[in-house]
Amino acid sequence: MTILVTGSRGRIGTTLIGLLHEQGFKVRAASSDPDELVLPDGVPDVKLSLAEPHTFPDALAGVDSLFLYANSSHIEEFIKIANDAGVQHVVLLSSSSVLGPDARNDAIARQHLEVEEALASSALPYTFLRPGAFATNTLYWSWPLRTTGAVSLPYPGAHNDAVHESDIAEAAVAVLKDPALRGGAYTLTGAASVTFGEQIDQLARATGRPFTFDAVTPEAWKAEMAEYVPAAYADGLLAYWRSTDGKPVDLTTAVEELTGHPARSFAVWAAENAAEFVK
């Protein structure tokens, strides 16, 4: 079985490729810029940009299973070519944001929802993995924490579930390996509901640095991040954080059900990645 992994430069894709390769699977790494990939010996790369349909046929040729990042720009054409190529199973990295009451009007959720709907209406067998907030999202704080020791937070009391990338990758391995797990939609959460302020505290403990945060208005945060976060996405994030301000998010046991172990905590992630937050 040949498994194609999209998003191979990201942490989830990189981790998944390593796990599949270690377990003896024939894995192919796809990226819009394969020259930038650092892969285990024996893992081939292929050019695939989900925004460039001309890259689809070569990348999908001979592929049995596929780990797919959500990009709806050419999803109908992608699905047709994947089906024609004989792909037998698609594991979609979706998002728990699709479960929100206003998902279709949220820029982040809509992208994932459109891909889910396209797969659900196709002939391709699929499995949806719906993680909540990635623990790696806090890497956006690394620069301000390294340089000033503080980060701007519009809602420091907003909760999230901080899913470790290894838990997502291991869940993907499980559904790729076991046909009995296919066809479901799994909401993946971290070990606990933590606030942004608590995450700052845990990063401070992991690094031994006196990190803190500056509480700012949503408007000030949006202006500060304008160069990095498109306005529509910023509005979606702010709306979500406002909805979870002071309100713990729901947790699931899906990570343990798929991987056989409890979800990793954010404190574990912080300890593993402490070097990213110090000079």
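Structure first, text after, so check above.
Participant: What's the story with the nonpolar core in this structure? I'm lost.
Facilitator: Generally speaking, soluble globular proteins have nonpolar side chains that are buried together. Counting residues in each nonpolar core, the largest one holds 30 residues, and the members touching the most others are Val5, Leu16, Leu20, Phe67, Leu188 and Leu258. Only strand 1 (2-5), helix 1 (11-22), strand 2 (26-31), strand 5 (89-93), helix 6 (165-177), strand 9 (185-188) and helix 10 (254-259) provide two or more residues apiece to this core. The residues touching Val5, leaving out its near neighbours within four places in the chain, are Gly13, Leu16, Ile17, Leu20, Val27, Arg28, Ala29, Ala30 and Phe67. Judged by nonpolar contacts, the second largest core, of 25 residues, contains Phe56, Val90, Ala118 and Phe128.

Participant: Could you clarify how one ought to interpret the packing of helix 3 (residues 75-85) against helix 4 (residues 107-120) in this entry?
Facilitator: Two quantities define a packed helix pair, namely the angle between the axes and the distance from one axis to the other. The interhelical angle for the contact between helix 3 and helix 4, taken along N-to-C directions, is 35°, at an axis separation of 10 Å. As helix 3 runs across helix 4, the sense of the crossing is right-handed. Every residue of helix 4 that contacts helix 3 at Ile75, Glu76 and Ile79 is listed here: Val115, Ala118 and Leu119. Of the residues contributing to the contact of helix 3 with helix 4, the split by class is five nonpolar, no polar and one charged.

Participant: Any chance you could explain the sheet that holds strand 6 (residues 126-131) here in plain terms?
Facilitator: Backbone hydrogen bonds hold the strands of a sheet together, and the pairing may be parallel or antiparallel. Taken in spatial order, the seven strands make up an open sheet running 3-2-1-4-5-6-9, and their pairing is parallel. Edge positions in the sheet fall to strand 3 (45-47) and strand 9, since each of these pairs with one other strand and no more. Taken over all neighbouring pairs, the strand axes of this sheet differ in orientation by 20° on average, direction set aside. Sheet contacts for helix 1: strand 1, strand 2, strand 4 (65-69) and strand 5; angle to strand 1, the most-contacted strand, approximately 165°.

Participant: In this structure, what is going on with the pairing of strand 9? I would like to understand it.
Facilitator: Two faces make up the sheet, and in a regular strand the side chains alternate between them. In strand 9, alternate side chains face the same way, and those of Tyr186 and Leu188 are buried while those of Ala185 and Thr187 on the opposite face are not. Where strand 6 and strand 9 come together, four bridges link them in parallel fashion. The residue bridging Leu129 from the neighbouring strand is Tyr186, located in strand 9.

Participant: What should I look at first to understand helix 1 in this one?
Facilitator: Residues spaced three or four apart along an α-helix point in a common direction, a consequence of the helix completing one turn every 3.6 residues. Relative to the 16 Å expected for twelve residues at 1.5 Å per residue, helix 1 spans 17 Å between its end C-alpha atoms, a close match to the ideal helical length. Along helix 1, the residues that are buried comprise Ile12, Gly13, Leu16, Ile17, Gly18, Leu19 and Leu20. At its buried positions, helix 1 is contacted by strand 1, strand 2, strand 4, strand 5 and helix 6. In the stretch just after helix 1, Gly24 is the one whose phi turns positive, near 90°.

Participant: Looking at this structure, I do not really get the packing of aromatic side chains. What am I missing?
Facilitator: To describe a pair of aromatic rings, you give the distance between the ring centres and the angle between the ring planes. In the structure shown here, the tally under the stated rule is eight aromatic pairs. Each residue in the set Trp141, Phe196, Trp221 and Trp241 is aromatic and connected to the rest through ring pairs, giving one cluster.

Cut-offs used in this document
- Residues numbered from 1 in each chain as written.
- Predicted model: local features only at pLDDT ≥ 70, side-chain atom pairs only at ≥ 80, totals over all residues.
- Heavy atoms only, no water.
- Core = buried A, V, L, I, M, F, W, Y, C linked by side-chain atoms within 4.5 Å.
- Buried < 20%, exposed > 50% of the residue type's maximum accessible area, 1.4 Å probe, protein only.
- Helix = DSSP H or I, 4+ residues; strand = E, 2+ residues; numbered from the N terminus.
- Contact = heavy atoms within 4.5 Å.
- Axes fitted to C-alpha atoms, helices over the stretch in contact; angles between N-to-C directions.
- Left-handed = near helix turned anticlockwise from the far one by under 90°.
- Nonpolar A, V, L, I, M, F, W, Y, C, P; charged D, E, K, R; others polar.
- Pairing = 2+ DSSP bridges.
- Expected span 1.5 Å × (residues − 1).
- Phe/Tyr/Trp six-rings, centres within 6.5 Å; stacked < 30°, edge-to-face > 60°.

All quantities given are derived from atomic positions and should not be read as evidence of function.
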